[in-house]
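Structural features, examined
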Amino acid sequence: LSWQSQLQVTFVVKDQLAREDGDGALAQGLYDVAVTNADGQGATSALAFAVADRPHVATLDPPLVCLAQGPRSVTVNGTGALRIGADGPSVSVDNLELTPTLTSCAPLAHPGLDAASCDALTIDLSADALESGQHAVVVTNPAPAACASLGDVVDLTVVPPPTIDAIEPTGVCAQTAGAITLTVTGSGLLRVDGTDFTVTVAGTAATPTAITGCAPV
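Scope of this entry: the structure provided in the associated data block. (Residues numbered from 1 in each chain as written. Predicted model: local features only at pLDDT ≥ 70, side-chain atom pairs only at ≥ 80, totals over all residues. Heavy atoms only, no water.)

**Description of the pattern of salt bridges**
Within the structure shown, the criterion is met by 3 salt bridges. The partner of D152 in a salt bridge is R54, and the shortest N-O contact between them spans 3.1 Å. With D152 in the loop between β12 (133-140) and β13 (155-158) and R54 in the loop between β4 (42-51) and β5 (56-61), this pair connects stretches of sequence that are 98 residues apart. Residue D152 is classed as buried on the basis of its relative accessible area, which comes to 17%. Under the relative-accessibility criterion, R54 is labelled partly exposed at 23%. (Salt bridge = Lys/Arg side-chain N within 4 Å of Asp/Glu carboxyl O. Helix = DSSP H or I, 4+ residues; strand = E, 2+ residues; numbered from the N terminus. Buried < 20%, exposed > 50% of the residue type's maximum accessible area, 1.4 Å probe, protein only.)

Structure representation (C-alpha cells):
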C-alpha cells in the first residue's frame, strides 16, 4: 500500500490475493473496492475491480498448414482473450509474435471500462514464416491482465509441399485400350481428416487408389 495523497492511494495486487473468508483465490468476476480510514469512515466503489481468467486455447482451424507456396490464415479458438481499450491480445507461434483479428467477442460488464472477451483470433502467416514441424501457439492478454495460455499444449503443424520423385510407367501407347494405371512415388502426400491429396494428369483429375507408405504427421 502506497499513500500518494488524500486523493490517491496505490496498492499492488499479488497473484495470491485471496477471498476474505479464506476460501481460495479470487475467482473471475467483478469486486467492490472499499477504503476505511482510521476513524472508521469509509467509502466503497461498487464493481470497480475486475479479475479475469487467463486465456485458454482449445483448437486451431486449420491445425496444419503449408507455407512454402504462399501465406495462410489460422483461427485460434478458445476463451478469455481480452481486448482492453485499443489494446488486444497477442499470439505467438514459437518466437513469431503476431497481432490477431478478434471475433466472437462479448463486452465485459465492468462500469467505465471498454473491454471485451473474445473466443476466436485469426492470425495471418506469411509465406515461409515458419519452418516445417510443430510450433507452440500461445495467447497473451494485454496489461494489466497480461496472463498467457501457457497451460494449454496446442501446436500448429507446418508441412512442406508435396514432391514427385518418380512416375511409373513414364510413357504409354496412345492406342492402349482401357484404363491406364500410373504409380506416383514422392513425399509429403497428405491425407487430412480422411481427405486424400488430389492428382491431375494433363489437367484431368484422377482419383488416387492403393495409397501406401503412409505415416502419421
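**Considerations on a nonpolar patch on the surface**
Taken together, the side chains of I164, I167, V172, I180, L182, V184 and V201 present a nonpolar region at the surface, about 570 Å² in accessible area. Residue placement: V184 occurs in strand β15 (residues 183-187). Given a relative accessible area of 35%, V184 falls into the partly exposed group. (Patch = residues over 30% accessible without salt bridge, like charges linked within 9 Å, V, L, I, M, F, W, Y side chains within 5 Å. Areas by Shrake-Rupley, 256 points an atom, 1.4 Å probe, with all protein chains shown as cover.)

**Concerning the nonpolar core**
By size, the foremost hydrophobic cluster in this structure holds 19 residues, and its most contacted members are V76 and L156. The set of elements that each furnish at least two residues to this core consists of β5, β7 (72-84), β8 (90-93), β11 (115-125), β12 and β13. (Core = buried A, V, L, I, M, F, W, Y, C linked by side-chain atoms within 4.5 Å.)

**Looking at unusual backbone geometry**
Of note, the bond from D61 into P62 is cis; its omega dihedral lies within 30 degrees of zero at -5°. Its location among the elements puts P62 in the loop between β5 and β6 (64-65). One non-glycine residue, A202, adopts positive backbone phi at about 55°. Tracing the backbone shows A202 in the loop between β18 (199-201) and β19 (204-206). Assessed through its relative accessible area of 82%, A202 is described here as exposed. Not every positive phi belongs to a glycine, and A210 is a case in point at roughly 50°. Tracing the backbone through its elements, the reader meets A210 in the segment after β19.

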